[in-house]
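# Examining the three-dimensional arrangement
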Amino acid sequence: MKGQRMSDLTTAAVSRLSTPIDRRTLGKLALTAGLGLGLSACGVSSKDAVSAAAGTSGSAAGSAAAGGFTLLETPKWTGFPYFEQARIGGEAAAKELADSFTYAGADHPDASLQTQTLQNFLTQKPSAILVAAIDGDAIASVLKKARSQGIKVVSFEGDAAADARDIFCNPVGYELIATTELDCALMNDPDGGKVAFVAASPTAPNHKAIIEYMKQHIASDPKYSKLTAIDDVQYANDDDATSYNVAVNLMQAHPDLKYIVSPSSVSVPAAARAIVASDRSGQVYATGQTLPNSVKEFMKDGSMKASMMWSPKELGYIAVYAAHRLLTGELTATEGATFEAGTAGTYTVGKDGEVVYKKPIVFTPDNIDEYDF
């Protein structure tokens, strides 16, 4: 996929992220955003609301209906580059649509803290809530309460229970992510071998589905007949140190291991680092979902030959457009309904209110320098 470039919302190149914010600063931001109510006490951060001036819906938004909606978004955790990119995309869309946009959440992945954030959102009486679910079932109750109050709910990246939200913006489609990750494994070494899977947790809805699809394709698709799945999925909670240790343990437990594949963009670079430190480069490969900046060094030293991702910025942008269109009545969750999402194009609602982005990017040593996020 050399030369493929992801769509950028404001410039021809992907903007570089700012220096990570420490937890103390994140707590202050939560307070200044007017979302106190205990948020900062649980390590929560918030970006200032984005308020577009009247009449600045922008040419990209076309003939968007009047804005002024209040959108509150919570990621799996704040400060991580993937979700910061999604925030940037969401802010850009809100500005085009003349809506306000506030981003808040815990600074580490914790389903109970995410539930608390959502409960605090309800007290703000927003027009819509956007959420990347850590545990789709755990947050279902509070999201159902939001919907009962007339609040629109859009999930992205990680889905909530289907009856707890209106629309789910799926990054690529779980099965397509799964096959693309398996393709990346074979691009790293076409000879095949044993595959170990690492997920955030047993309840992470996207990770669980992606790994199940990978297992199914390894078992039944001739294209992946050279791969052998290790049934025992490991869990690292999207934590760098835990991911590193899991990778080391996997290599020790399976001396003939060939691939460590993960849908976690934290676990893949940590596993790659563990492989290099264990002097197993060229024998074991880490691959799966990665931010390009996190794996450039491994692409350049030859210890990784392929990994994948999509544009989290554009996904965040589409999610805000979906929320806005739901609020104006231009979009329903009915299968077959379509909506225009500014510069990102037009999308169709599938079964159970799912909107699939379908723009995977495969990173290789030849194209990795084209991406900066």
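Each remark here, short or long, concerns the structure printed above.
Residues numbered from 1 in each chain as written. Predicted model: local features only at pLDDT ≥ 70, side-chain atom pairs only at ≥ 80, totals over all residues. Heavy atoms only, no water.

### Some points on the overall build of the protein chain
- When helices and strands are tallied, the protein chain shows ten helices and 16 strands.
- Evaluated residue by residue, the protein chain yields a buried proportion of 57% over its 373 residues.
- When contacts within the protein chain are restricted to residue pairs at least 6 apart in sequence, those whose partners lie at least 24 apart make up 72%.
- Carbon and sulfur atoms form 50% of the exposed surface of the protein chain, whose accessible area is close to 14,400 Å². (Helix = DSSP H or I, 4+ residues; strand = E, 2+ residues; numbered from the N terminus. Buried < 20%, exposed > 50% of the residue type's maximum accessible area, 1.4 Å probe, protein only. Contact = heavy atoms within 4.5 Å. Areas by Shrake-Rupley, 256 points an atom, 1.4 Å probe, with all protein chains shown as cover.)

### Points about helix α7 (residues 240-253)
- Compared with an ideal rise of 1.5 Å per residue, which puts 14 residues at 20 Å, α7 spans 20 Å between its outermost C-alpha atoms and is within 8% of the ideal.
- Buried residues of α7: S243, V246, A247, V248, L250 and M251, and no others.
- Elements in contact with the buried residues of α7: β7 (193-199), β9 (234-235), β10 (257-262) and α8 (267-277).
- N-cap assignment for α7: the residue whose side-chain oxygen lies 3.3 Å from the backbone N of A241 is D239. (Expected span 1.5 Å × (residues − 1). Polar contact = N/O pair within 3.5 Å; in protein donor to acceptor, adjacent residues only side chain to side chain.)

### Regarding the packing of helix α2 (residues 81-97) against helix α10 (residues 312-328)
- Contact geometry for α2 and α10: axes closest at 6 Å, N-to-C directions at 40°. With respect to α10, the axis of α2 lies oblique. Remark: the crossing between α2 and α10 carries right-handed chirality. Mapping the contact onto sequence places Y82, Q85, A86, I88, G89, G90, A92, A93, A94, E96 and L97 in α2 and P312, K313, L315, G316, Y317, V320, Y321, H324 and R325 in α10.
- For the contact of α2 with α10, the per-class residue count stands at twelve nonpolar, five polar and three charged. (Axes fitted to C-alpha atoms, helices over the stretch in contact; angles between N-to-C directions. Parallel < 35°, antiparallel > 145°, perpendicular 65-115°, else oblique. Left-handed = near helix turned anticlockwise from the far one by under 90°. Nonpolar A, V, L, I, M, F, W, Y, C, P; charged D, E, K, R; others polar.)

### Focus on the packing of aromatic side chains
- Within the structure shown, the criterion is met by eight aromatic pairs.
- Aromatic pair F168 and Y174: ring centres 6.2 Å apart, planes at 40°, arrangement tilted. In this pair, the class of F168 matches that of Y174, namely buried.
- Taken together, W77, F80, Y82, F83 and W310 form an aromatic cluster joined through their ring pairs. (Phe/Tyr/Trp six-rings, centres within 6.5 Å; stacked < 30°, edge-to-face > 60°.)

### Here's the deal with the pattern of salt bridges
- Summed over the entire model, instances satisfying the criterion amount to 13 salt bridges.
- Here D159 ties to R165 by a salt bridge, and the two come within 2.9 Å at their closest N and O atoms. Neither D159 nor R165 differs from the other in exposure class; each is buried.
- Here D189 makes a salt bridge to K258, at a shortest N to O gap of 3.1 Å. With D189 in the loop between α5 (174-188) and β7 and K258 in strand β10, this residue pair connects regions lying 69 residues apart in the sequence. K258 shares its class with D189; the two are buried.
- A network of salt bridges, in which partner residues are shared, links E84, R87 and E91. (Salt bridge = Lys/Arg side-chain N within 4 Å of Asp/Glu carboxyl O.)

### Let's talk about the packing of helix α3 (residues 111-123) against helix α4 (residues 140-148)
- Where α3 contacts α4, the axes come no closer than 9 Å and their chain directions differ by 15°. Viewed along their axes, α3 and α4 adopt a mutual orientation that is roughly parallel. In this structure, α3 meets α4 at a crossing whose hand is left-handed. Of α4, the residues touching α3 (which contributes T115, L118, Q119 and L122) are V142, L143, K145 and A146.
- Taken together, the residues that form the contact of α3 with α4 break down as five nonpolar, two polar and one charged.

### Structural notes on the nonpolar core
- Core analysis: the largest hydrophobic core is formed by 95 residues, its most contacted members being F156, I167, C169, W310 and F339.
- The biggest single contributor to this core is α10, with nine residues.
- For F339, the contacting residues outside a window of four places in its chain are I318, Y321, A322, R325, L331, G345, T346, Y347 and V355.
- Formed by 18 residues, the second largest nonpolar core is a distinct cluster that contains A104, V131, A146 and A160. (Core = buried A, V, L, I, M, F, W, Y, C linked by side-chain atoms within 4.5 Å.)

### Re unusual backbone geometry
- The phi torsion at D279 lies on the positive side, around 60°, for a residue other than glycine.
- Relative to the assigned elements, D279 resides in the loop between α8 and β11 (285-288).
- Here D279 falls in the exposed class, since its relative accessible area comes to 64%.
- The backbone phi angle of K358 is positive, close to 60°, even though this residue is not glycine.
- When you line up the elements, K358 lands in the loop between β15 (354-356) and β16 (361-363).
- A relative accessible area of 57% means that K358 is categorised as exposed.

### Looking at the pairing of β11
- The side-chain alternation of β11 yields two buried faces, one formed by Y285 and T287 and the other by A286 and G288.
- Bridge count between β10 and β11: four bridges; the pairing is parallel. Bridge assignment links Y259 to a residue of β11, and that residue is Y285. (Pairing = 2+ DSSP bridges.)

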